[in-house]
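# Inside the fold
Given next are the chains, with one letter for each unit.
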Amino acid sequence: MRLADLAYALPAELIAQEPAPERTAARLLVLDRASGERRHLRVAELPACLRAGDLLVLNDTRVIPARVAARRPSGGRLEVLFVRPLAGENDWEVLVRGAPRVGERAHLPQAEGEWIASLGEGRWHLRVRLDAPVLVWLERVGEVPLPPYIRRPQGPALADRERYQTVYARVPGAVAAPTAGLHLSAALLEELGAAGVEIASLTLHVGVGSFLPLRDEELETAVVATTVRALESAAADGTLRAGAGEAELFIRPGYRFRIVGALLTNFHLPRSPLLALVAAFAGWECTQASYAEAIRLRYRFYSFGDAMLIT
């Protein structure tokens, strides 16, 4: 399958700028991948789609307020996104919009830093001079790292801190939300549990790479950071085992799933790793038809948009 096959045309007005008023009020397109049958429900009706004994796995990663404004010594502005810690408590990999230089000081909100090395493609090694951990500092000075297609000319609102976070978020470290989980409320999870659906959790910190457009024409690097990928990575030999590690599995059309039998997901960007995973799970023709129907019926797309349940 070629990268160009994962393209589709989406009217700009269908890119959701705000979440649904209530988490479970989002629309839910239910797709039977074997028959191609599609139903149109609300997320609140999810318990009727699952059965007693089903296992729902949640990603309890917590989105950190990872975006900060910085300045160069010359006064030039930089936008910095803290991605993940490196060796040393205050050494981080960051994405930078701007042009820092190795050895140059970085003027940060209530802190100073130093640009240690370029890591390529806008990524840098930044050392922050702080008396407290970087995560504690970010909670004080950082902004919610909303995706660029969610327009906030004045910056993220206070409500974004709550709605761009799952209700079960526990472990800080993600720079992007596991978006399907944004639709689940505490009451809905209780209802699912009462109906006999088992619930488990794992922690997979979602990085920006999950949402960036793919560049390789043959989909050789369709890597997705989702709960599905974590589960499939942990069961590479067919047996699911708990443990820590990197989810390095490539999931693209043609992949044979070992563990996952159903997928709750949002509607994703064209030519993105997440859409490649959906195409691998449901088949591209079925996915393409479902997306076309969702567009025709004016579903809302991307992080704050509606959801699909693929069974």
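Since we're looking at a predicted model, the values are computed, not measured.

### Thoughts on the pairing of strand E8 (residues 105–108)
In the sheet, E8 pairs with strand E9 (residues 111–120) via 4 bridges, with the strands oriented antiparallel. From the neighbouring strand, Arg105 faces E9, where its bridge partner is Glu114. Hairpin geometry of E8 and E9 is characterised by an intervening segment of 2 residues between the two adjacent antiparallel strands and by a positive phi of about 60° at Gln110.

### Topic: the sheet that holds strand E14 (residues 307–310)
Reading across the sheet, the 4 strands line up as E2-E1-E14-E13 and stay open at both edges, with mixed pairing between neighbours. With partners counted over all chains shown, the strands left at the sheet margins are strand E2 (38–42) and strand E13 (263–266), one partner each. When strand polarity is set aside, the average angle formed by the axes of neighbouring strands in this sheet is 25°. Its contacts with the sheet put helix H5 (residues 273–282) on strand E1 (27–31), E13 and E14, and the angle it makes with E13 is roughly 145°.

### Details of the packing of aromatic side chains
Taken as a whole, this structure holds 14 aromatic pairs when the rule is applied. Between Trp115 and Trp124 the ring centres are 5.7 Å apart and the planes differ by 70°, which places this aromatic pair in the edge-to-face class. Centroid distance Phe267 to Tyr291: 5.2 Å. Interplanar angle 70°. Geometry classified as edge-to-face. Note that Phe267 is positioned in the loop between E13 and H5 and Tyr291 in helix H6 (residues 284–296), a separation of 24 residues in sequence.

### Some details on the side chain of Glu293
Mapped onto the fold, Glu293 is located in helix H6. A relative accessible area of 15% places Glu293 in the buried class. Polar contacts involving the side chain of Glu293 include one to the side chain of Arg38, which spans 3.2 Å. Discounting chain neighbours no more than four positions away, the residues touching Glu293 are Arg38 and His40.

### Looking at the nonpolar core
Within the largest apolar cluster, 50 residues are counted, with the highest numbers of intra-cluster contacts made by Tyr8, Leu10, Tyr164, Phe267, Phe301, Tyr302 and Ile310. Residue assignment for this core shows that the elements contributing at least two residues are E1, helix H4 (227–234), H5, H6 and E14. Examining the composition of this core, we find that 8 residues originate from one element, H5, more than from any other. Aside from chain neighbours lying at most four places away, what touches Tyr164 is Val63, Val144, Pro145, Leu146, Pro147, Ala176, Ala177, Leu182, Ser303 and Phe304. Membership of the second largest hydrophobic core comes to 24 residues, among which are Phe82, Trp92, Val96 and Ala111.

Conventions adopted
Residues numbered from 1 in each chain as written. Predicted model: local features only at pLDDT ≥ 70, side-chain atom pairs only at ≥ 80, totals over all residues. Heavy atoms only, no water. Pairing = 2+ DSSP bridges. Helix = DSSP H or I, 4+ residues; strand = E, 2+ residues; numbered from the N terminus. Axes fitted to C-alpha atoms, helices over the stretch in contact; angles between N-to-C directions. Contact = heavy atoms within 4.5 Å. Phe/Tyr/Trp six-rings, centres within 6.5 Å; stacked < 30°, edge-to-face > 60°. Buried < 20%, exposed > 50% of the residue type's maximum accessible area, 1.4 Å probe, protein only. Polar contact = N/O pair within 3.5 Å; in protein donor to acceptor, adjacent residues only side chain to side chain. Core = buried A, V, L, I, M, F, W, Y, C linked by side-chain atoms within 4.5 Å.

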